[in-house]
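Take a look at the letters that make up each chain.
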Amino acid sequence: MSEKIFHYIHHAAFWLEAEGKRALFDPFLDGNPEHLRAQDIDADWIFVSHAHADHLGSAFEIAQRTGATIISTAEICGLAGQAGCASHAMHIGGTHEFAFGKVRIAPAFHGSGVAGGHACGFIVSFFGIRLYYAGDTGLFGDMKWLRSVEPFDVAVLPIGDNYTMGPKDAAIAAAWLGASVVIPVHYNTWPVIAQDPKAFEEAVEKEFDIRVRIVEPGKSVHLS
Ligand code: NI
Ligand code: MN
């Protein structure tokens, strides 16, 4: 069994590692505590949830250098192509089998950051890691059925409020999603999204049979 790793860069940027491969998500690097730069990060695939700068980040630069494939909506993949990057365009409700496993594009209620586009989330099966990354989104009722359509064990949810769900709505999302583990992201990057992840953890774990795993920026955890 190879190790399955979740590495939290900071903000909503993280990577998954398994079978010697790496999938990078929303690689916004400005101010990350490890001082990782685009030239420091290798990737095989790069998921981009929407084109706001704090998500698109260094995706194209990393893809140009490493040859990683950008997986995103058609509009962002159009930009990726113009930047000379390999990409695989998908859209909301679509699924595709990649070498690492299946991807389903989930809806997200948020701006796309690109003309004609739509923000999205991802349900990704990455060499056995089954993870839902909500991207930037408000709470929405269809979270109740997501896992019955596409199973996942870990949910990565924004808790920062202001731009996305805050901790209260994210706790409801955690319950509706029914994942066994929730990892909070998209908080404490700036004062306007300052949150106490410990309070979120306590609120969720007191009320629901869900484990909240707080990952410090710059740190890795093992996913079983
Ligand atoms: Ni955004
Ligand atoms: Mn954001």
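Residues numbered from 1 in each chain as written. Chains lettered and ligands numbered in written order. Predicted model: local features only at pLDDT ≥ 70, side-chain atom pairs only at ≥ 80, totals over all residues. Heavy atoms only, no water.

Enquirer: How should the coordination of the nickel ion (ligand 1) be read in this particular structure?
Expert: In an ideal octahedron of six donors the angles at the metal are 90 or 180 degrees, and in an ideal tetrahedron of four donors they are 109.5 degrees. The protein atoms that coordinate the nickel ion (ligand 1) are His50 (NE2), His52 (ND1), His110 (NE2) and Asp136 (OD), at distances spanning 2.2 to 2.4 Å. In this structure, the nickel ion (ligand 1) lies 3.3 Å from the manganese ion (ligand 2), and both are coordinated by Asp136. Linking His50 in the loop between strand 4 (45–47) and helix 1 (53–56) with His110 in the loop between strand 8 (101–107) and strand 9 (120–126), this pair joins segments that are 60 residues apart in sequence. Under the relative-accessibility criterion, His50 is labelled buried at 0%. (Donors = N, O, S within 2.8 Å, 3.2 Å for Na, K, Ca; no water. Helix = DSSP H or I, 4+ residues; strand = E, 2+ residues; numbered from the N terminus. Buried < 20%, exposed > 50% of the residue type's maximum accessible area, 1.4 Å probe, protein only.)

Enquirer: Sorry if this is basic, but what is going on with the layout of surface pockets here?
Expert: In this approach a probe as big as a water molecule rolls over the atoms, and the regions it shows empty are the leftover space. Within this model, the largest pocket holds a volume of roughly 150 Å³. Here the lining of the largest pocket is composed, by residue class, of 4 nonpolar, 4 polar and 4 charged. (1 Å grid on protein atoms, 1.4 Å probe; cavity = no way out; pocket = protein on both sides within 12 Å on 5 of 7 lines; lining within 4 Å. Points joined across faces, edges and corners; volume = space filled by probe spheres on them. Nonpolar A, V, L, I, M, F, W, Y, C, P; charged D, E, K, R; others polar.)

Enquirer: I'm lost on the sheet that holds strand 6 (residues 87–90) in this one. Help?
Expert: Strand pairing within a sheet occurs via backbone hydrogen bonds; the two strands may be parallel or antiparallel. The strand order across the open sheet formed by 7 strands is 6-5-4-3-2-1-14, and the pairing between neighbours is mixed. If you trace the sheet from one side to the other, it starts and ends with strand 6 and strand 14 (220–222), each paired once. Each neighbouring strand pair of the sheet contributes to a mean axis angle of 20 degrees, computed without reference to strand direction. Looking at chain direction, strand 1 (residues 5–10) and strand 2 (residues 13–18) are connected through 5 bridges and run antiparallel. The partner of Tyr8 across the bridge, within strand 2, is Phe14. Against the sheet, helix 3 (residues 74–82) makes contact with strand 5 (69–73) and strand 6, and its axis sits at roughly 145 degrees relative to strand 5, the strand it touches most. (Pairing = 2+ DSSP bridges. Axes fitted to C-alpha atoms, helices over the stretch in contact; angles between N-to-C directions. Contact = heavy atoms within 4.5 Å.)

Enquirer: Teacher, can you tell me more about the packing of aromatic side chains here?
Expert: Two numbers describe a pair of aromatic rings. These are the distance of the centres and the angle of the planes. Summed over the entire model, instances satisfying the criterion amount to 17 aromatic pairs. Where Phe109 meets Phe140, the ring centres are 5.2 Å apart and the plane angle is 55 degrees; that geometry is what we call tilted. Separated by 31 residues along the polypeptide, Phe109 in the loop between strand 8 and strand 9 and Phe140 in the loop between strand 10 (129–133) and helix 4 (143–149) bring together distant segments of the chain. According to the relative accessible area criterion, Phe109 is exposed, its value standing at 53%. For Phe140, a relative accessible area of 6% translates into the label buried. Judged by centre distance (6.4 Å) and plane angle (85 degrees), the rings of Tyr163 and Trp190 are edge-to-face. On the criterion of sequence distance, the pair formed by Tyr163 in the loop between strand 11 (154–158) and helix 5 (167–177) and Trp190 in the loop between strand 12 (181–185) and helix 6 (197–207) is long-range, its members being 27 residues apart. Using a relative accessible area of 44% as the deciding quantity, one classes Tyr163 as partly exposed. One aromatic cluster in this structure is built from Phe6, Phe14, Phe25, Trp45, Phe47, Phe98, Phe100, Phe122, Phe126, Phe127 and Tyr133. A cation sits over an aromatic face here: Arg22 above Trp15, 3.8 Å from the ring centre. If you follow Lys144 out to its NZ or CZ, it ends over the ring of Trp176, 4.5 Å from the centre. (Phe/Tyr/Trp six-rings, centres within 6.5 Å; stacked < 30°, edge-to-face > 60°. Lys NZ or Arg CZ within 6 Å of the ring centre and 35° of its normal.)

Keep in mind these values describe shape, not function.
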